[in-house]
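For reference, the chains in residue letters:
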Amino acid sequence: MCRKPALAATTVFGLSLAVWASAQAAPAAPATTAAANPPAAAAPTPRPPRRKATAQERADAERLQPLARAAFWAHETNVDPTDQVAGVRLASALRALGQYAEAASSAERVLVVAPDNIDALLETARAYVAQGQGFYAIEPVQRAHVLAPKDWRPLSLLGVAYAQVRRGDEAMTTWRQALVLSPDNPAVLSNMAMELTARGDAAQAETLLRRAVAQPGAGLQVRQDLTLVLGLQGKLTEAEHRLRVDLPPDQADADLAYLKAVSTPAAAPSPAAEMTPVAHSWTAVKGPGG
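This section reports on the structure supplied with the text. (Residues numbered from 1 in each chain as written. Predicted model: local features only at pLDDT ≥ 70, side-chain atom pairs only at ≥ 80, totals over all residues. Heavy atoms only, no water.)

## A few points about the packing of helix H8 (residues 152-164) against helix H10 (residues 186-198)
- Running from N to C, H8 and H10 point in directions that differ by 15°, and their axes come no closer than 10 Å. Judged by the angle between their axes, H8 and H10 are roughly parallel. Taken as a pair, H8 and H10 cross one another with a handedness that is left-handed. Between H8, through Trp152, Ser156, Val160 and Ala163, and H10, the contact on the second element is made entirely by Ala187, Val188, Asn191 and Glu195.
- Of the residues contributing to the contact of H8 with H10, the split by class is five nonpolar, two polar and one charged. (Axes fitted to C-alpha atoms, helices over the stretch in contact; angles between N-to-C directions. Helix = DSSP H or I, 4+ residues; strand = E, 2+ residues; numbered from the N terminus. Parallel < 35°, antiparallel > 145°, perpendicular 65-115°, else oblique. Left-handed = near helix turned anticlockwise from the far one by under 90°. Contact = heavy atoms within 4.5 Å. Nonpolar A, V, L, I, M, F, W, Y, C, P; charged D, E, K, R; others polar.)

Set out below in structure tokens:
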């Protein structure tokens with residue numbers, strides 16, 4: 001699993017996107033009139049006015065890597081501090097860089113001017129959850145659910161926040177409510193499965209994850225969660241196959257070595273000991289260096 005080092009906030013906000021025009025030199029005056037009519041000083045070229053990006057430029061920015069994306073949206077928020085979309089997307093990019101506190105701050109600045117911005121509420125909660133501070137995610141995500149009761153995303157995220165504060169039964173109930181709104185949603189199924197794994201029920205977790213990976217919207221994280229649960233049960237042949245399909249050889253080798261270690265009876269008290277209510281993904285379970 002690749003881990004990107006967290007960057008200081010000044011790395012993003014210090015990037016300058018302004019372009020200065022070159023000053024044009026004034027032509028020299030004829031020698032016979034130089035003393036009588038000294039040339040006027042060339043006027044400094046004004047700095048081009050800052051402008052907001054076009055809709056197409058904004059769409060293109062969302063395909064950039066997190067650092068470039070953060071720089072783009074930081075510029076947009078500097079041009080217009082009241083731009084709610086830019087504030088939320090800056091928060092998302094900062095979270096992808098591992099700058100969780102800065103991500104939460106960016107989203108919360110949007111909430112100052114737009115308290116009912118659902119995307120800002122969700123992004124605030126995601127930033128706290130990413131730090132393992134689910135307690136502080138509960139209030140904003142509950143507000144988001146009240147504002148959008150038919151949206152599965154607040155319920156899915158609220159379940160993770162509950163799990164982080166060791167309210168596992170409430171987490172499972174909340175995820176079941178999310179599945180009513182979005183049946184067979186792979187993200188929700190994966191969250192439920194990782195909570196079950198934390199409780200030591202890897203077999204039921206495997207059943208849910210196989211359901212999840214069969215869905216069209218299932219991504220790499222869901223597939224890797226299934227790989228982890230298979231490995232924790234000692235099903236290393238299938239786990240290795242899945243690793244080699246999804247990852248480069250060196251990462252697959254490292255992850256396979258990890259799975260062999262945790263599936264060895266003497267390696268750990270139990271598979272559940274490798275899990276905590278905070279850890280709801282393969283990366284979180286493995287911890288730093290994984």
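Next comes the rest of the write-up.
## Focus: the nonpolar core
- If you look at the biggest cluster of nonpolar residues, it comprises 65 residues, and the most contacted ones within it are Trp175 and Met192.
- Setting aside residues no more than four positions away along its own chain, Met192 makes contact with Met172, Trp175, Arg176, Leu179 and Leu208. (Core = buried A, V, L, I, M, F, W, Y, C linked by side-chain atoms within 4.5 Å. Buried < 20%, exposed > 50% of the residue type's maximum accessible area, 1.4 Å probe, protein only.)

## With respect to the packing of aromatic side chains
- Under the criterion given, the structure shown has three aromatic pairs.
- Ring geometry for Tyr128 against Tyr136: centres 5.9 Å apart, planes inclined by 45°, an arrangement best described as tilted.
- Given the relative accessible area of 17%, Tyr128 is considered buried.
- Seen from their ring centres, Phe135 and Tyr136 are 5.3 Å apart, and the 90° between their planes marks the pair as edge-to-face. For the residue pair Phe135 and Tyr136, the accessibility class agrees, reading exposed in each case.
- Put simply, the rings of Tyr128, Phe135 and Tyr136 touch in pairs and so form one group of aromatic residues. (Phe/Tyr/Trp six-rings, centres within 6.5 Å; stacked < 30°, edge-to-face > 60°.)

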